[in-house]
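# Architecture and fold: a report
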Amino acid sequence: MKQFQDLLYEKSGQGVSFTGLLEAMVSEVTIVTAVHNIKSNKGSKTAGVDRMKMDKYLQMPKEELFQLIQSNISNYKPKPAKRKYIEKANGKKRPLGIPTVLDRIIQECMRLILEPICEARFYPHSYGFRPYRAQKHAIRDIVNVINASVKSKDQPVWAVEGDIKGCFDNINHRLLLKKLWRIGIHDKRVLKIISQMLKAGYIDQDLYHATEMGTPQGGILSPLLSNVYLNDFDWYVGRCYMEPHRQCKHKCNDTRRLKWSGITPKYNFRYADDWVILTSTEQEAFRMKHELTKYFKHRMKLELSQEKTYVTDLRKNGIHFLGYIVKAERKRKTPDPATWSDNLVGKPFPDMERLTKKIHTLQKEVRKIGLYTQSNTQAAQIQYVNSVIMGLAQYLQPSICSHAYHAIDRRVNNTALAVWKNLFPKQYNQMQVPLKELSNLPHRHEGYDSKTFAIQIDGKWFGITYAFITHSRYESKPFDQKMTPYTEDGRRRYVNYRTKHKPLPCDRPSINTPEDIALSIYASGKGWKANFEYFMNREYAYNRDKGKCKCCGRYFSELIPKHCHHVNPRLPIERINKVPNLAWLCIPCHRMVHNSPIPPELDAKAVRKIKKYREKLKK
DNA sequence: GGGCGTGTCAC
RNA sequence: UUUGUGACACGCCC
């Protein structure tokens, strides 16, 4: 699969167009990969309008699922989506379109093939919905551009901050298909299916609604399609200045000469429907806003909100982008005059308005600790609070955030004080312990003397962590544009990038949460042992066991035939085929597990393992 | 080195 | 009963 995707990416980068994509989309390897990718999604447990869940497909024999997809694909009619509304952060509702599970599988099959093709043509400074790219990379990119021309007269300190009205919901179907064709998808059957998908409509409270425009929020393909749609906008702005060499190889691509010919530098960045353009003069910024309003209206069939598209002087105000606020400020004075300068540099700050709201919900969770009476559930709530704190802290990491960290820590600590006073009126003072003495997150808390509120279980302390331990990683290196999952080089760069930010291994005692207890109650049932799930999971088990017999350790071959053994065959259908319950054995060992006599010359280690599996069979 | 699960954030 | 993609963190298992 990976090799095929690499090939698509390479060819697409060379400008090749593709036909015959449909065959690739319904090949067995694509379907297996697609099911693997989406089965662990949260949504695999929720059904679409046909009330079918993921388990249903996992428990089919594999040929049946392949046939189900392959026989319908040439004249495929997707089902309407289920309409749901979710609260957004700003209180508004966001409409969701949930396709059926089968449609999600098919969309994922299409995404596996289409994404490499599109990725090769996407604009380098587009960051939303793309593999290996995150918000922090976009922010990093913006700051770098401001800093790169720190000495020059035309430093880009003016910004146009864009807002497209209901971007997902207003995408024009005909135009999108045209753009897909232009990007190299020349398989008419595939475009037909996408068109059917877009027009499948939705069902809201048993009523069918048709969709004339937009791509369903909730569809697996939708994010990719939105990037295809807006890719032309990226290049429309970007090819003038930022990436001139990419599309006009033989023309002048020297930025200095572009400047000479009267083009004002501009730099554009996009994250999904959020975008920012930087330029050096106020006049140019307003001209861009005006020009792009027309561009969106006529070329994109989208509307740019005039009120919410701001032109900002970065020296005076910050731009709101992805939950951060980016400003251009003077460099902080350093004692060494050699490094000090009067120049402006880009600085990302946390969006404190949003953060304050998040701290309030965090404080509510801290107060919940006081509602529990058992120390185990209190500890579980502390763990939950800690995960929220660490999540927030790590999100703020790429910005200048020490101030924000202290705001979080101060408020959490104050709330905790009130909770502890209430819980332990007499001893709450003794229940503030240094971080380094906590049993939870020991690696994180190593060497920190600051005291925090904690509770004691079996002589071990479990306490609330602090945000400030997560150090600001503001000055990390620029984003490597060559990282992509679709080339050998791109993957290598990515692995290098990741290992620099090495994770710290952590050893902590586990605590029983209410969820654990719920998980221990299972219904029993009979059914297929060799269903689709089994077919997939035994491959993972094979990789885990590295192609060796789990008992005698011999590598499998034609001479040493193998068998995938169910460790506990009495488990219910939804558990029997999970990876931990599968073990690859050579045929002789497998027979011995099922009570054939063990020859005396057999290795003692192997005998022990065989006996272990025998025990598990009996239970 | 792999798999599973939980949580945070963005859109 | 909340879809999707990406990033990150933690835990468990082998």
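For the structure itself, consult the block above.
Residues numbered from 1 in each chain as written. Chains lettered and ligands numbered in written order. Predicted model: local features only at pLDDT ≥ 70, side-chain atom pairs only at ≥ 80, totals over all residues. Heavy atoms only, no water.

Let's shift gears to the overall build of chain A. Looking only at helices and strands, chain A has 23 helices and 16 strands in total. When burial is assessed residue by residue, chain A has 48% of its 619 residues classed as buried. Long-range pairs, those at least 24 residues apart, make up 69% of the contacts in chain A with a sequence separation of at least 6. Carbon and sulfur atoms form 52% of the exposed surface of chain A, whose accessible area is close to 33200 Å². (Helix = DSSP H or I, 4+ residues; strand = E, 2+ residues; numbered from the N terminus. Buried < 20%, exposed > 50% of the residue type's maximum accessible area, 1.4 Å probe, protein only. Contact = heavy atoms within 4.5 Å. Areas by Shrake-Rupley, 256 points an atom, 1.4 Å probe, with all protein chains shown as cover.)

Moving on: helix 14 (residues 352-369). Taking 1.5 Å as the rise per residue, helix 14 with 18 residues should run 26 Å; its terminal C-alpha atoms sit 26 Å apart, in good agreement. Within helix 14, burial applies to Leu 355, Ile 359, Leu 362, Gln 363, Glu 365, Val 366 and Ile 369. Down the axis of helix 14, the buried set is contained in an arc of 160 degrees. They therefore lie on one face. Across helix 14 from its buried face, at more than 90 degrees, point the exposed residues Glu 353, Lys 357 and Lys 364. Check the buried side of helix 14 and you find it contacts helix 15 (375-396) and helix 16 (402-423). (Expected span 1.5 Å × (residues − 1). Arc of directions from axis to C-beta.)

Right, let's get into the nonpolar core. Of all hydrophobic cores here, the largest spans 95 residues; its most connected members are Leu 21, Leu 114, Ile 185, Ile 194, Leu 278, Leu 292 and Phe 296. Structurally, this core is a two-domain feature, drawing no fewer than three residues from each of domain 1 (1-313) and domain 3 (476-504). Dropping the residues within four chain positions of it, Ile 194 is found in contact with Met 110, Leu 114, Leu 177, Leu 180, Leu 221 and Leu 225. (Core = buried A, V, L, I, M, F, W, Y, C linked by side-chain atoms within 4.5 Å. Domains from an automatic or database assignment.)

The next subject is unusual backbone geometry. One non-glycine residue, Ala 272, adopts positive backbone phi at about 55 degrees. With respect to the element layout, Ala 272 can be found in the loop between strand 6 (266-271) and strand 7 (274-279). For Lys 301, which is not glycine, the phi torsion reads 55 degrees and is therefore positive. Inspection of the secondary structure assignment puts Lys 301 in the loop between helix 13 (282-300) and strand 8 (310-313). Given the relative accessible area of 48%, Lys 301 is considered partly exposed.

Two elements in contact, helix 14 and helix 16, have axes whose closest approach is 9 Å; the angle formed by their N-to-C orientations is 20 degrees. Relative to helix 16, the element helix 14 lies roughly parallel. The handedness of the crossing between helix 14 and helix 16 is right-handed. Note on element contacts: helix 16 touches helix 14 through His 403, Ala 404, Ala 407, Ile 408, Arg 411, Val 412, Thr 415, Ala 416, Val 419, Trp 420 and Leu 423, opposite Met 352, Leu 355, Thr 356, Ile 359, His 360, Leu 362, Gln 363, Val 366, Arg 367 and Ile 369. Counted by class, the contact of helix 14 with helix 16 contains 14 nonpolar, 5 polar and 2 charged residues. (Axes fitted to C-alpha atoms, helices over the stretch in contact; angles between N-to-C directions. Parallel < 35°, antiparallel > 145°, perpendicular 65-115°, else oblique. Left-handed = near helix turned anticlockwise from the far one by under 90°. Nonpolar A, V, L, I, M, F, W, Y, C, P; charged D, E, K, R; others polar.)

As used here, a disulfide is simply a covalent bond connecting the sulfur atoms of two cysteines. In the structure shown here, the tally under the stated rule is 0 disulfides. Unpaired in terms of disulfides, Cys 167 finds its nearest cysteine sulfur in Cys 118, a separation of 16 Å. There is no disulfide at Cys 551, and the cysteine sulfur nearest it, in Cys 589, is 4.9 Å away. We classify Cys 551 as buried; its relative accessible area is 5%. (Disulfide = S-S within 2.5 Å.)

Tallied over the full model, the rule gives 3 cavities of 30 Å³ or more. Considering only enclosed or pocket space, the largest cavity measures out at about 50 Å³ in volume. Breaking the lining of the largest cavity down by element, the ones donating at least two residues are helix 16 and strand 13 (451-457). For the lining of the largest cavity, the element with the highest residue contribution is helix 16, accounting for 4 residues. Residues belonging to the lining of the largest cavity are distributed by class as follows: 5 nonpolar, 3 polar and 1 charged. (1 Å grid on protein atoms, 1.4 Å probe; cavity = no way out; pocket = protein on both sides within 12 Å on 5 of 7 lines; lining within 4 Å. Points joined across faces, edges and corners; volume = space filled by probe spheres on them.)

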